Each structure stands twice: as structure tokens, then as C-alpha cells.
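For reference, the chains in residue letters:
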Amino acid sequence: MGGIGGRGIIKGRVVGPDNRAVAGATVTLFQKTLYVAEPRDKTTTDQNGAFLLTGHGSYKLWLEAEKKGLGKSSKEEYRLYFRNQNLTLNEPLRIEAIK
């Protein structure tokens, strides 16, 4: 994780059920409103499954990855210490195959 005074940068990777990078997956950032987590930003992974989101400005957020025809990851929760804290995911978001 980043430190105080970050720019709200979130970096990570998306992999599929076979642990290989998933290019072209949509990663959605959710932030909590009064009662629910609502989508606030989206990005698409590159050919290496990497993604970058900027300017999130939240203490608590969720990330979810989805690739049409492949499946969706679980919605992962992240709690940060500071507003705009940078975050680099230690583990990739893992898309589970559609059953």
C-alpha cells in the first residue's frame, strides 16, 4: 500500500481460473454510499492483465473484475488508512469461470 498524501492510485492485475493474465477485463471500483456500494469508476486491463485507477479518494472500497464470456471475480474489499492513499494489490483479482 502507498503512503500519506497519495493520489488515489490503485494498481493491480486480473487473472483467470487458469492463473493466466486476462486482457480486456473490466475492473470496477465501488465506493460505499449511505447504504450500498455503488460503482464509481471503471478501467480495462492491458495485455498483461494489469490495470490502473486514479483519484479514488476513499477509505473503504471494493474492486471487481469481469470479462464477458469468461466470468467475474468476487467483489474484494480494501480498507485504507488515509483518503487518496495509493494501493497496489498484493494478490490479483481472480475471475472465476461461468458455470
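Now for a description of the structure that goes with this document. No experiment lies behind these values; they were computed from the predicted model shown. (Residues numbered from 1 in each chain as written. Predicted model: local features only at pLDDT ≥ 70, side-chain atom pairs only at ≥ 80, totals over all residues. Heavy atoms only, no water.)

### Some details on the overall build of the protein chain
Across its full length, the protein chain holds zero helices and ten strands. Counting from the amino terminus, helix and strand elements in the protein chain follow one another as β-β-β-β-β-β-β-β-β-β. In terms of C-alpha radius of gyration, the protein chain reaches 13 Å, essentially the compact-globule figure of 13 Å for 99 residues. Seen through its principal axes, the protein chain has C-alpha atoms that stretch 40 × 30 × 15 Å. (Helix = DSSP H or I, 4+ residues; strand = E, 2+ residues; numbered from the N terminus. Rg over C-alpha atoms; globule rule 2.2 N^0.38 Å.)

### Concerning the environment of I98
Here I98 is to be found in the segment after β10 (96–97). Among the residues examined, I98 registers a relative accessible area of 59% and is labelled exposed. When the C-alpha atoms of I98 and K72 are compared, they prove to be 7.6 Å apart, with 26 residues separating the residues in sequence. (Buried < 20%, exposed > 50% of the residue type's maximum accessible area, 1.4 Å probe, protein only.)

### Examining the pattern of salt bridges
Counted according to the given criterion, the structure contains two salt bridges. The salt bridge involving R79 is made with E77; its shortest N-O contact spans 2.9 Å. When salt bridges with common partners are traced through the structure, they connect K60, E77 and R79 into a single cluster. (Salt bridge = Lys/Arg side-chain N within 4 Å of Asp/Glu carboxyl O.)

### Regarding the environment of Q47
Relative to the helices and strands, Q47 resides in the loop between β3 (37–44) and β4 (50–53). C-alpha of Q47 to C-alpha of A23: the two residues are 24 residues apart in sequence and 4.6 Å apart in space.

### Some words on unusual backbone geometry
Phi is positive for N19, close to 70°, though the residue is something other than glycine. Here N19 lies in the loop between β1 (10–15) and β2 (26–32). With phi around 65°, N84 is a residue other than glycine that occupies positive phi space. Tracing the sequence through the fold places N84 in the loop between β7 (76–79) and β8 (87–88).

### Points about the nonpolar core
Core analysis: the biggest nonpolar cluster contains 17 residues, and I10, V14, V27, F51, L63 and L93 have the highest contact counts within it. The greatest single-element share of this core, amounting to three residues, is contributed by strand β5 (residues 60–67). Filtering out sequence-adjacent residues up to four positions away, V14 remains in contact with R20, A21, V22, A25, V27, T45, G49, F51, A65, L93 and I95. (Core = buried A, V, L, I, M, F, W, Y, C linked by side-chain atoms within 4.5 Å. Contact = heavy atoms within 4.5 Å.)

### Topic: the side chain of E64
For E64, the location among the structural elements is in strand β5. For the buried E64, no salt bridge exists, and the shortest N-O distance to an oppositely charged side chain is 4.3 Å, to K72. When residues no more than four places from it in sequence are discounted, the contact partners of E64 are T26, V27, T28, F30, K72, S73, S74, K75 and L93. (Lys, Arg positive; Asp, Glu negative; His and termini not counted.)

### Some words on a nonpolar patch on the surface
Residues L34, Y35 and V36 make up a contiguous nonpolar surface patch of roughly 390 Å² in combined accessible area. Its location among the elements puts L34 in the loop between β2 and β3. (Patch = residues over 30% accessible without salt bridge, like charges linked within 9 Å, V, L, I, M, F, W, Y side chains within 5 Å. Areas by Shrake-Rupley, 256 points an atom, 1.4 Å probe, with all protein chains shown as cover.)

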